[in-house]
Amino acid sequence: MDITARKGRIEDEPADAVLLIHCEGERRLAPAAAAVDARLRGRLAGLITSGEFTGRLGQVSILHVAPGERLRAKRVVLAGLGKRKDASLEKLRQAAGSAAKAIRTAGAKSFAVPVQDLAGLLTSVPAVNRVRDVAQTLAEGAILGLYRFTTYYTERTDETAKAVRKMSVVAGDPRALAQARQGVRQGQIIGEATTYVRDLCNHPANVVTPTYIANEAKKIARERGVRAKVLDRPAMQRLGMGALLGVARGSHEPPKFVILEYRGGPRGARPVALVGKTVTFDSGGISLKPADNMELMKADMTGGAVVLATVRAASRLRLPVNIVALIPATENMPGGSATKPGDILTSLSGKTIEVINTDAEGRLILADGLTYANRYKPSVVVDIATLTGACAVALGKHAIGLLGNNDRLIGELKAAGEQCGERAWQLPLWEEYYEQIKSDVADVKNTGGRPGGTITAAAFLSKFVGGARWAHLDIASTDWSDREQAYIPKGATGVGARLLIRFLSNRANGRKAIGRRANGKRT
Ligand code: BES
Ligand code: MN
Ligand code: ZN
């Protein structure tokens, strides 16, 4: 979808639809809506006074412009935001997602939305960049809401033929226009980062293999001018990545270890290391999973997809940070030479691991990824992984599990999550939990039993971070949605990309602020 910011008045916009957002329970129309309604002879006000449109979050009503009504748009779409006192960027993202879908269903190919009244509503957002943030959220909500995965449909239907091709965010004055321009660009890049993840996760595992992921990384490197390096099995053997190789043993698909380096920050500044679990299919291995829902394990590479998307977006946004992205990629299959329960693997760190359950494979490949991260002397290490089913038990489907060894880093991730609408919640990593992963025969074992499964998995990871400041994001319950929501379709959610991009851009802004304080000298 082509998204632009334009200067103008909404009542003069030529588009298949104009979108107006209205708060629940309010009789008075916002100025832009009132200007449109003046040309509709009060039909919008009629929808509201009749009680047909209440402004409830997610509600959408569509009016057709009648002959004689002096409006250049063909339709007027009224979308609810919920109560004014609860207005937030997240609610706006949802309203935009629901409205964009209704606009597509109506057959409209373009729509325009005024930005300034919305900025006036969102008093919880810092005023300086409010128009920018609103424009970003509108663009994000629309892109995410309109997302569909249709690659494998071979029959075109009336529904799939419909597409919204153009969105305009309309601002009334040059200052707002400048902010709206910035906002839509950010929204587009961040929205597309998420849909990129969704695509990679929705594609089946016979297409998205470790080799496919490595090729995506090379493509990003080519297009974005970042550095990519792909280690194949012999290279991993030379290095001694015994944990990753142990998982790959059961599969005929060759494993890959992908390294992407983005340098947008000051030369010599320590990079942020991102490590993404990339199991392109997790059958469980010899500890085979039950058949029910096993097909969802094609999305066990979400962490790696998020890391790819984040590097791509960071480069498109020209974020002034250095990033090293590490992507250990493999299948987890029960082949004749697969790792067996009881086998002992020697990891890249030299630590030995007793494999109790071959289905606890994510932490094995991450162990080598985390160890490798140390080579870069990173300022912080963040890993992201569909790691434990237990995460859904602990937190349900509405929070990313967050653990780590540094409170400040955890605070940054928690704040970024609240700001972007992908919230993370901390679980404890107390030393008592380490008892559960003590092995009788090796340095550590790969499962800690049922109690606190998300925590013992993170405890295992912590043994491989060296001295780094580290945090772990468990997206096992949030990466997939079994129902359609306002801007989240059924299937892969793409969760994590918005969070990591926000985390990185906050860091970049933080450094700018610190740099200014230090007499213009960048730190
Ligand atoms: N990929 C799974 C975790 C998962 C489960 C992600 C459900 C998304 C939905 C992971 O590799 C796994 O199998 N974990 C095991 C660990 C156990 C054997 C200690 C689990 O959660 O059951
Ligand atoms: Mn598993
Ligand atoms: Zn897994």
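Refer to the preceding data block for the structure.
What you see is a predicted model; the values in this text were computed from it and never measured.

J.: Sorry if this is basic, but what is going on with the site of ligand 1 here?
T.: In the region of ligand 1, 15 residues are neighbours, and Lys289, Asp300, Asp359, Glu361 and Gly389 sit closest. Lys289 is positioned such that a nitrogen or oxygen atom in its side chain is 2.9 Å from an oxygen atom of ligand 1. In the environment of ligand 1, a nitrogen atom lies 2.8 Å from a nitrogen or oxygen atom belonging to the side chain of Asp300. Protein coverage of the free-state accessible area of ligand 1, which is 510 Å², stands at 74%.

J.: Quick question: what am I supposed to make of helix α12 (residues 362-373) here?
T.: Because each turn of an α-helix spans 3.6 residues, side chains separated by three or four positions in sequence point in the same direction. With 12 residues, α12 extends 16 Å between its outermost C-alpha atoms, agreeing within 8% with the 16 Å of an ideal straight helix rising 1.5 Å per residue. Of all the 12 residues making up α12, 12 are buried; the element is thus mostly covered by neighbouring parts of the structure. Among the residues making up α12, those that are buried are Gly362, Arg363, Leu364, Ile365, Leu366, Ala367, Asp368, Gly369, Leu370, Thr371, Tyr372 and Ala373.

J.: Whenever I open this one, the pairing of strand β2 (residues 17-22) confuses me. Can you help?
T.: Remember that side chains alternate between the two faces of the sheet whenever the strand is regular. Counting buried positions over the six residues of β2 gives six, a clear majority of the element. The alternating pattern of β2 places Ala17, Leu19 and Ile21 and Val18, Leu20 and His22 on opposite faces, both of which are buried. Note that β2 and strand β5 (residues 110-114) share two bridges and pair parallel. Note that in β5 the partner of Val18 across the bridge is Ala112. Across five bridges, β2 lies against strand β4 (residues 75-80) in parallel orientation. The residue bridging His22 from the neighbouring strand is Gly80, located in β4.

J.: Quick question: what am I supposed to make of the coordination of the zinc ion (ligand 3) here?
T.: Surrounding the zinc ion (ligand 3) are the protein donor atoms Lys277 (NZ), Asp282 (OD), Asp300 (OD) and Glu361 (OE), at 2.0 to 2.4 Å. Geometry at the zinc ion (ligand 3) is octahedral, judged from its six donor atoms and the angles of 78 to 174° they form at the metal. In the primary structure, the donors to the zinc ion (ligand 3) are separated according to the pattern K-x4-D-x17-D-x60-E. Between the zinc ion (ligand 3) and the manganese ion (ligand 2) the interatomic distance amounts to 3.2 Å, and Asp282 serves as a bridging ligand to the pair. With Asp300 in the loop between β10 (278-282) and α11 (302-316) and Glu361 in the loop between β13 (352-354) and α12, this pair connects stretches of sequence that are 61 residues apart.

J.: Explain the packing of α12 against helix α15 (residues 453-462) to me, please; I cannot follow it from the model alone.
T.: Between two packed helices, both the angle of their axes relative to each other and the distance between the axes serve to describe the pair. With their axes 9 Å apart at the nearest point, α12 and α15 run at an angle of 30° to one another. Between α12 and α15, the interaxial angle falls into the category roughly parallel. For the pair α12 and α15, the sense of crossing is right-handed. Residue-level contacts link Arg363, Leu364, Leu366, Ala367 and Leu370 of α12 to Ala457, Phe460 and Leu461 of α15. By residue class, the composition of the contact of α12 with α15 is seven nonpolar, no polar and one charged.

J.: Help me understand the environment of Ile62 in this model?
T.: Counting through the fold element by element, Ile62 comes out in strand β3 (residues 60-64). Taking the C-alpha atoms as reference points, Ile62 and Val18, separated by 44 residues in sequence, lie 9.7 Å from one another. For Ile62, the contacting residues outside a window of four places in its chain are Arg75, Val76, Val77, Ala102 and Ala106.

J.: What is the right way to read the packing of aromatic side chains from this model?
T.: The way to describe two aromatic rings as a pair is by their centre distance and the angle between their planes. One pass over the full model with this rule turns up five aromatic pairs. Aromatic pair Tyr372 and Tyr376: ring centres 6.2 Å apart, planes at 50°, arrangement tilted. Judged by centre distance (6.3 Å) and plane angle (25°), the ring pair of Trp430 and Tyr433 falls under stacked. Taken together, the aromatic side chains of Phe257, Tyr372 and Tyr376 make up a single cluster linked through ring pairs. Taking the ring centre of Tyr196 as reference, the NZ or CZ of Arg312 above it sits at 4.7 Å. Just above the ring of Phe464 sits the side chain of Lys351; from NZ or CZ to the centre is 5.9 Å.

Rules behind the numbers
The numbers attached to residues start from 1 for each chain and follow its sequence in the written order. Here every chain gets a letter starting at A, and every ligand a number starting at 1, in the order they are written. Since the coordinates come from a predicted model, pLDDT governs what is reported: local features require at least 70, and pairs of side-chain atoms require 80 or more to be given and counted, while whole-chain, interface and lining totals use all residues. Hydrogens and waters are ignored; side-chain quantities use all the structure's heavy atoms. Only heavy atoms are used to decide nearness, and a residue is near a molecule or strand if one of them lies within 4 Å of it. N or O atoms within 3.5 Å of each other form a polar contact, as long as, within protein, one can give a hydrogen and the other can take it, and as long as residues adjacent in sequence are counted only when both atoms are side-chain atoms. Accessible surface is estimated by sampling points in the Shrake-Rupley manner with a 1.4 Å probe; for residues, cover comes only from the protein chains shown. Numbering goes from the N terminus for both helices and strands, where a helix is a DSSP run of H or I of at least four residues and a strand is a run of E of at least two. By this rule, a helix spans an expected 1.5 Å times one less than how many residues it contains. For each residue, the accessible area found with a 1.4 Å probe, counting protein chains only, is set against the maximum for its type, and the residue is called buried under 20%, exposed over 50%, and partly exposed in between. Any two strands with at least two DSSP-identified bridges between them are counted as paired. Counted as coordinating are nitrogen, oxygen and sulfur atoms within 2.8 Å of the metal, or 3.2 Å for Na, K and Ca, while water is not included, which may make sites look incomplete. Angular criteria define each label, namely tetrahedral for four donors with all angles between 85 and 135 degrees, square planar for four and octahedral for six donors with opposite donors over 155 degrees apart and remaining angles between 65 and 115, and irregular for whatever fails these tests. For helices, the axis comes from a line fit to the C-alpha atoms of the stretch in contact; other axes are also lines fit to C-alpha atoms, and the angle between any two N-to-C directions lies between 0 and 180 degrees. The labels follow the angle: roughly parallel below 35 degrees, roughly antiparallel above 145, roughly perpendicular from 65 to 115, and oblique for the rest. Put simply, a crossing is left-handed when the front helix is turned counterclockwise from the back one by less than a right angle, and right-handed when it is turned clockwise. The contact criterion used throughout is that any non-hydrogen atoms of two residues lie within 4.5 Å. Three classes are used: nonpolar for Ala, Val, Leu, Ile, Met, Phe, Trp, Tyr, Cys and Pro, charged for Asp, Glu, Lys and Arg, and polar for all others, with Gly counted as polar. Two aromatic rings from Phe, Tyr or Trp, using only the six-membered ring of Trp, form a pair when their centres are within 6.5 Å; if the ring planes differ by under 30 degrees the pair is stacked, by over 60 it is edge-to-face, and anything between is tilted. Charges are assigned to positions over rings by a cutoff of 6 Å between ring centre and Lys NZ or Arg CZ, combined with an angular limit of 35 degrees from the ring normal.

Keep in mind these numbers describe shape, not what the thing actually does.
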